[in-house]
Every structure is written in C-alpha cells, then in structure tokens.
Amino acid sequence: MKNIVVLVSGSGTNLQRIIDTIDSGEIRNAKVTLVVADRECFGLERAKNHNIENILIPRGKNFSSELAKVIPENTDLIVLAGFLSILKSEFCENWNGKIINIHPALLPKFGGKGMWGMNVHNAVIEAKEIESGATVHFVTPGIDEGEAILQKSFEVTAEDTPETLAQKVHQIEYEIFPIAINKVLGNE
C-alpha cells in the first residue's frame, strides 16, 4: 500500500476527488495518510470527515521546516491539491520525484509566481489563447518548472470567460489527477 500526503489551502475538491478515486479503486494500492493545510480551510474538514489525520501549519517562513517534521518517513508521494504556499528548495530537493502538483494551465505557459486560480484564467483570456487545460507536474525548487507528468487541453472559445475556463479546467483536473497519481506510483 502506497502512502500519500496531500497538501491543501482551500475547499479541497481535488482532495475529495483523490479520496473518492482511491475508494473506487481508480487509484490503486494507495491511501491518504495525512492532509496538511497552510491555513484554515474546508480541506481539513474533508480529511476529518474521512478519518484522515490532518494538521494545520500556518503559512510563514518556517512552513517548509515544520512540514518536514510531520511528513511520515514512509510517504511515497506528496500531492499538492490546491496548495498555494511555496515550498523551500531544500524541502523540494529532499522529496525530489515524490512531490506533484496540479496547475490550472498548460505549462510552461501561465506558470510561476502569482499564477494560480483566476489569475491564470484571466491571463489566458487576455492573451487570446486558443487552448487551455491543466498540467500535473513534478514539484521542483522553481515555481511550476518541474517536468510535466500529464496534460490535457480544450479549445478556448470566443464565449469563454475566466469563470467558464475555471469550470472547464476543474473538470480536466478531476480527470487527469488520478491518472497521473497512478503513473507516478507505478500503478500503470
């Protein structure tokens, strides 16, 4: 059984998707052993509702070192699911190849500092992009610079708004996140 730690900052819908796909067997041979949040959020409630150990570590300069203290040694994968804090280089290097993130754009476009949530979708519309999508990628010290594991795109139409892009991207995230987790865990 592979052990997954999930980091969250918000409502935890991608966390819920991970839990549900583990329960259904779509993600095989895995369990979420710990959920860590960097702020009070509904993601912690989702963890409690599923009897998953959960910890709040407030954002700040010591976040990565505090996080390092609570990650179990037998962790096989750390998943950033709507997690907004930036992890320190040392933490990323210690868990190299075992940390993944889902990003609401087709990296390398629209990645980096400040590129999260509606900021990404506004930038896609302003740039008059003809496609958007989501990327699951490895986390490295460079923000959104890690190797892509899986991407899926869709056509951006003239009628699309940042809000409609957010909805479309979220559906793609639900689709590709379990596939990417299986791939990284060697469950292919």
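Residues numbered from 1 in each chain as written. Predicted model: local features only at pLDDT ≥ 70, side-chain atom pairs only at ≥ 80, totals over all residues. Heavy atoms only, no water.

Caption draft 1: Molecular detail of the pattern of salt bridges. What the rule picks out here adds up to seven salt bridges. Residues Glu45 and Lys48 are paired through a salt bridge, measuring 3.5 Å at the closest nitrogen-oxygen approach. Separated by three residues within a single helix, Glu45 and Lys48 lie in helix 2 (residues 42–49), roughly one turn from each other. Given a relative accessible area of 33%, Glu45 falls into the partly exposed group. With relative accessibility at 44%, the residue Lys48 sits in the partly exposed group. (Salt bridge = Lys/Arg side-chain N within 4 Å of Asp/Glu carboxyl O. Helix = DSSP H or I, 4+ residues; strand = E, 2+ residues; numbered from the N terminus. Buried < 20%, exposed > 50% of the residue type's maximum accessible area, 1.4 Å probe, protein only.)

Caption draft 2: Broad picture of the UniProt feature "domain: Formyl transferase N-terminal" (unreviewed entry) in the protein chain. The residues that UniProt annotates with the feature "domain: Formyl transferase N-terminal" (unreviewed entry) are residues 2–180. Between the end C-alpha atoms of residues 2–180 the distance is 14 Å, and the span holds 35% helix and 24% strand. (UniProt positions renumbered as here; feature names shortened; annotations may be inferred.)

Caption draft 3: Inspection of the sheet that holds strand 1 (residues 2–8) at higher detail. Strands sit in the order 3-2-1-4-5-6-7 across an open sheet of seven strands; the sheet is mixed. The open sheet terminates on both sides in strands that have one partner only, identified here as strand 3 (54–56) and strand 7 (148–155). When strand polarity is set aside, the average angle formed by the axes of neighbouring strands in this sheet is 20 degrees. Where strand 1 and strand 2 (residues 30–37) come together, seven bridges link them in parallel fashion. Paired with Val6 across the bridge in strand 2 is Val35. Across the sheet, helix 6 (residues 162–185) is in contact with strand 1, strand 2, strand 4 (77–80), strand 5 (99–103), strand 6 (131–138) and strand 7; its angle to strand 7 comes to roughly 155 degrees. (Pairing = 2+ DSSP bridges. Axes fitted to C-alpha atoms, helices over the stretch in contact; angles between N-to-C directions. Contact = heavy atoms within 4.5 Å.)

Caption draft 4: Expanded view of the UniProt feature "site: Raises pKa of active site His" (unreviewed entry) in the protein chain. Under the local residue numbering, the UniProt record ascribes the feature "site: Raises pKa of active site His" (unreviewed entry) to Asp144. In this fold, Asp144 is placed in the loop between strand 6 and strand 7. Of the residues examined, Asp144 reaches a relative accessible area of 14% and is grouped as buried. Of note is the side chain of Asp144, whose polar atom sits 2.9 Å from the backbone nitrogen of Gly112. (Polar contact = N/O pair within 3.5 Å; in protein donor to acceptor, adjacent residues only side chain to side chain.)

Caption draft 5: How the structure looks around unusual backbone geometry. Here the amide bond leading from Leu107 into Pro108 is cis, since omega sits at 15 degrees, within 30 degrees of zero. With respect to the helices, strands and loops of the structure, Pro108 is situated in the loop between strand 5 and helix 5 (117–126). Here the phi dihedral of Phe110 falls at roughly 60 degrees; this positive angle occurs in a residue that is not glycine. By the element assignment, Phe110 lies in the loop between strand 5 and helix 5. Not every positive phi belongs to a glycine, and Lys128 is a case in point at roughly 55 degrees.

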